[in-house]
Amino acid sequence: MAALRKNNLLITLLLILIAIGFLLPFYYMIITSFKSMDTYLVNKFLPPSEFTMDNYTWSFAKQNILLNYRNNVLILVSTLIPFIFLTTGAGFAIGKLNLPFKKTFLFIISAIMVLPQMVLTIPLYRELVQMHLLNSIPGLILVYLAYFGPYSAYLMATYFRNVPDTYIEAALIDGAGLWRIYGSVMLPMAKPMIMTVLIIASQQIWNELTFALILIRTSSKRTIMAA
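Bear in mind the structure is a predicted one, so any value in this text is a computation, not a measurement.

**Some details on the overall build of the protein**
Part 1 of the reasoning: The number of helices and strands found in the protein is 11 helices and 0 strands.
Part 2 of the reasoning: The C-alpha atoms of the protein give 24 Å as radius of gyration, which overshoots the globular expectation for 227 residues (17 Å, by more than 25%).
Part 3 of the reasoning: Taken over the C-alpha atoms alone, the protein extends approximately 75 × 70 × 30 Å along its principal axes.
Part 4 of the reasoning: Within the protein, the proportion of its 227 residues that are buried is 32%.
Part 5 of the reasoning: Surface exposure of the protein reaches about 14700 Å², of which carbon and sulfur atoms provide 71%.

**Quick notes on the layout of surface pockets**
Gaps between atoms show up when a probe of the same size as a water molecule is rolled over them.
Part 1 of the reasoning: Reported here for the largest pocket is a volume of approximately 210 Å³.
Part 2 of the reasoning: In this structure, the largest pocket is lined by Met29, Ile30, Ser33, Asn55, Tyr56, Trp58, Ser59, Phe60, Ile65 and Tyr69.
Part 3 of the reasoning: Contributions of two or more residues to the lining of the largest pocket are made by helix H1 (2-33), helix H3 (54-62) and helix H4 (65-96).
Part 4 of the reasoning: In terms of residues, the lining of the largest pocket owes the most to one element, H3, which gives 5 residues.
Part 5 of the reasoning: A per-class count over the lining of the largest pocket returns 7 nonpolar, 3 polar and no charged.

**Section: helix H7 (residues 137-161)**
Part 1 of the reasoning: Here H7 contains 25 residues, and its C-alpha end-to-end distance of 35 Å stays within 8% of the 36 Å for a straight helix at 1.5 Å per residue.
Part 2 of the reasoning: Where H7 bends most, at Gly149, the angle is about 45 degrees, and the proline Pro150 comes one to four residues later.
Part 3 of the reasoning: The distance from a side-chain oxygen at the start of H7 to the backbone nitrogen of Gly139 is 3.2 Å, and the residue carrying that oxygen is Ser136.

**So, a nonpolar patch on the surface**
Part 1 of the reasoning: Together, Leu9, Leu10, Leu13, Ile16, Leu17, Ile20, Leu24, Tyr27 and Leu46 make up a nonpolar patch on the protein surface, roughly 860 Å² of accessible area in all.
Part 2 of the reasoning: Position of Leu17 among the secondary structure elements: in helix H1.
Part 3 of the reasoning: Looking at Leu17, the relative accessible area reads 58%, which means it is exposed.

**What about the packing of aromatic side chains?**
Aromatic ring pairs are described here by two measures, namely the spacing of the ring centres and the angle between the planes.
Part 1 of the reasoning: This structure, assessed with the given rule, holds 11 aromatic pairs.
Part 2 of the reasoning: Where Tyr69 meets Trp206, the ring centres are 6.4 Å apart and the plane angle is 35 degrees; that geometry is what we call tilted. Taken together, the residues Tyr69 in helix H4 and Trp206 in helix H10 (residues 191-207) connect sequence positions 137 residues apart.
Part 3 of the reasoning: Both rings, one in Trp179 and one in Tyr182, keep their centres 6.1 Å apart while their planes meet at 80 degrees; by these two values the pair is edge-to-face. In this pair, Trp179 and Tyr182 both sit in helix H9 (residues 178-189), 3 residues apart, roughly one turn of the helix.
Part 4 of the reasoning: Taking the relative accessible area as the measure of exposure, Trp179 reaches 72% and is therefore exposed.
Part 5 of the reasoning: Through a chain of ring-to-ring contacts, three or more aromatic side chains come together here, namely Phe92, Tyr159, Phe160, Trp179 and Tyr182.
Part 6 of the reasoning: One cation-aromatic arrangement involves Lys44 over Tyr40; the distance from NZ or CZ to the ring centre is 5.4 Å.

Reading the values: rules and limits
- Residues numbered from 1 in each chain as written.
- Predicted model: local features only at pLDDT ≥ 70, side-chain atom pairs only at ≥ 80, totals over all residues.
- Heavy atoms only, no water.
- Helix = DSSP H or I, 4+ residues; strand = E, 2+ residues; numbered from the N terminus.
- Rg over C-alpha atoms; globule rule 2.2 N^0.38 Å.
- Buried < 20%, exposed > 50% of the residue type's maximum accessible area, 1.4 Å probe, protein only.
- Areas by Shrake-Rupley, 256 points an atom, 1.4 Å probe, with all protein chains shown as cover.
- 1 Å grid on protein atoms, 1.4 Å probe; cavity = no way out; pocket = protein on both sides within 12 Å on 5 of 7 lines; lining within 4 Å.
- Points joined across faces, edges and corners; volume = space filled by probe spheres on them.
- Nonpolar A, V, L, I, M, F, W, Y, C, P; charged D, E, K, R; others polar.
- Expected span 1.5 Å × (residues − 1).
- Bend = angle between axes of the 7 residues up to and from the residue.
- Polar contact = N/O pair within 3.5 Å; in protein donor to acceptor, adjacent residues only side chain to side chain.
- Patch = residues over 30% accessible without salt bridge, like charges linked within 9 Å, V, L, I, M, F, W, Y side chains within 5 Å.
- Salt bridge = Lys/Arg side-chain N within 4 Å of Asp/Glu carboxyl O.
- Phe/Tyr/Trp six-rings, centres within 6.5 Å; stacked < 30°, edge-to-face > 60°.
- Lys NZ or Arg CZ within 6 Å of the ring centre and 35° of its normal.

Written out as structure tokens, the structure reads:
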């Protein structure tokens, strides 16, 4: 009994230490936001003796950070709506349909996933210039669809490939067409993977910096990360 209590105590202490480790960055971020530059240079980790709101005044009044947050939300929503249809449609087609050059498509998707952002920045920059979409939110949305879409399409294709063909065969016997099978059979079954793809894509789009910094030059159009 004593050994069990000792183990529970050790587990509790370990969990407390882990929780403190997770909370420390938030603590540091919050107390730093209320410090002046001089106070921060003298005291980086302890709470300030005098709290100041100058940082918040600068962010909201002069930097207009709410506008950058609005841009982030606009870009995220405008990207995710076509994103989910494109990735699920591509995943269904690659995973379940007998398409020509299916292996070629998978190879291209895998190749795009491997390439780093900086390698693609210059070609994408030139494409946006030719399309007259440089320094515009629609141009950045197209870039996000092209760059983050292949990975999600690959995940969806892997999921649909493991769905038994008997579901499609039963739907065909009932007279369902291809679009009906996709919308009424496959998509409801893929809800867990769709939610996973949406969460991953949302994090990637919200935190993306390279494209947002290089392809958007006007401060009023920039995302919160670039700003």
